[in-house]
Amino acid sequence: MPFTMKKFVFWTGVYNAGLALFLLFPSLYRSVGLHICDPVWGWLIAGFLAFTSVVLILSSRDLPRRATFVYWESLLRYLAALVLVPAGLFGEVGLIAVPLGLGDLAIGLVYMFGLVKELGISHRTLLCDA
């Protein structure tokens, strides 16, 4: 099965949905060493992840027309990595946040450069929806 951005975007949307579901249950995420100070923050993040999950899955259905949404998601992935890695290493979130953040960084890079390569359009076009 060849790698395509359409499949990658779809499966990362499913991954977001799984994370959203996981964050709804404090006892579950605490069991793997993730420490969120108050369950309401986990639920807020779960809502955000559920929304991005829907955006990614729907975008994968017509990637040439909806690639801008995925490109902007790459910027959110970079921000997540920027927050999660230091919080995991130096904060009280737990070391599990480090691989999660690095995974976000990797996914963001694949989105950003994979879309440009596969669709043959520029970063500027994707960023500005031109």
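Residues numbered from 1 in each chain as written. Predicted model: local features only at pLDDT ≥ 70, side-chain atom pairs only at ≥ 80, totals over all residues. Heavy atoms only, no water.

K.L.:
I tried to follow the pattern of salt bridges on my own but got confused; where do I start?
P.N.:
It is possible for side chains of opposite charge to pair when their charged atoms get near one another. Applying the stated criterion across every chain yields a total of 3 salt bridges. A salt bridge links Arg77 to Glu73, with the nearest nitrogen and oxygen atoms 3.1 Å apart. With Arg77 and Glu73 both in helix α4 (residues 63-90) and 4 residues apart, this pair spans about one turn of that helix. Relative accessible area serves as the criterion here: at 4%, Arg77 is assigned to the buried category. A residue is classified by how much of its surface remains accessible, and Glu73, at 8% relative accessible area, is buried. For Arg77, the salt bridge is made with Asp104, and the minimal N-O distance between the two is 2.7 Å. You can see Arg77 sitting in helix α4 and its partner Asp104 sitting in helix α5 (residues 97-119), a full 27 residues away along the chain. Summarising the burial analysis for this pair, Arg77 and Asp104 share the class buried. One continuous salt-bridge network, built from bridges that share partners, spans Glu73, Arg77 and Asp104. (Salt bridge = Lys/Arg side-chain N within 4 Å of Asp/Glu carboxyl O. Helix = DSSP H or I, 4+ residues; strand = E, 2+ residues; numbered from the N terminus. Buried < 20%, exposed > 50% of the residue type's maximum accessible area, 1.4 Å probe, protein only.)

K.L.:
Looking at this structure, how should I read unusual backbone geometry?
P.N.:
Trans is the prevailing form of peptide bonds, just as negative phi is the prevailing case for residues other than glycine. Positive phi values are uncommon outside glycine, yet Asp129 reaches one of about 55°. Within the secondary structure, Asp129 sits in the segment after α6 (123-128). Judged by relative accessible area, which is 53%, Asp129 ranks as exposed.

K.L.:
Whenever I open this one, the layout of surface pockets confuses me. Can you help?
P.N.:
In this approach, a probe sized like a water molecule rolls over the atoms, and the result shows the empty space that is left. Within this model, the largest pocket holds a volume of roughly 710 Å³. Going through the elements one at a time, α1 (5-22), α3 (39-61), α4 and α5 are the ones with two or more residues in the lining of the largest pocket. No other element matches the 8 residues that α4 contributes to the lining of the largest pocket. A class-by-class count of the residues in the lining of the largest pocket yields 21 nonpolar, 3 polar and 3 charged. (1 Å grid on protein atoms, 1.4 Å probe; cavity = no way out; pocket = protein on both sides within 12 Å on 5 of 7 lines; lining within 4 Å. Points joined across faces, edges and corners; volume = space filled by probe spheres on them. Nonpolar A, V, L, I, M, F, W, Y, C, P; charged D, E, K, R; others polar.)

K.L.:
What's the story with a nonpolar patch on the surface in this structure? I'm lost.
P.N.:
Residues Leu21, Leu24, Phe25, Leu28, Val40, Trp41, Trp43 and Leu44 make up a contiguous nonpolar surface patch of roughly 810 Å² in combined accessible area. Counting residues per element, the nonpolar patch draws most heavily on α3, which supplies 4 residues. Within the secondary structure, Leu21 sits in helix α1. Classification of Leu21 as exposed rests on a relative accessible area of 53%. (Patch = residues over 30% accessible without salt bridge, like charges linked within 9 Å, V, L, I, M, F, W, Y side chains within 5 Å. Areas by Shrake-Rupley, 256 points an atom, 1.4 Å probe, with all protein chains shown as cover.)

Read these as spatial facts, not as claims about activity.
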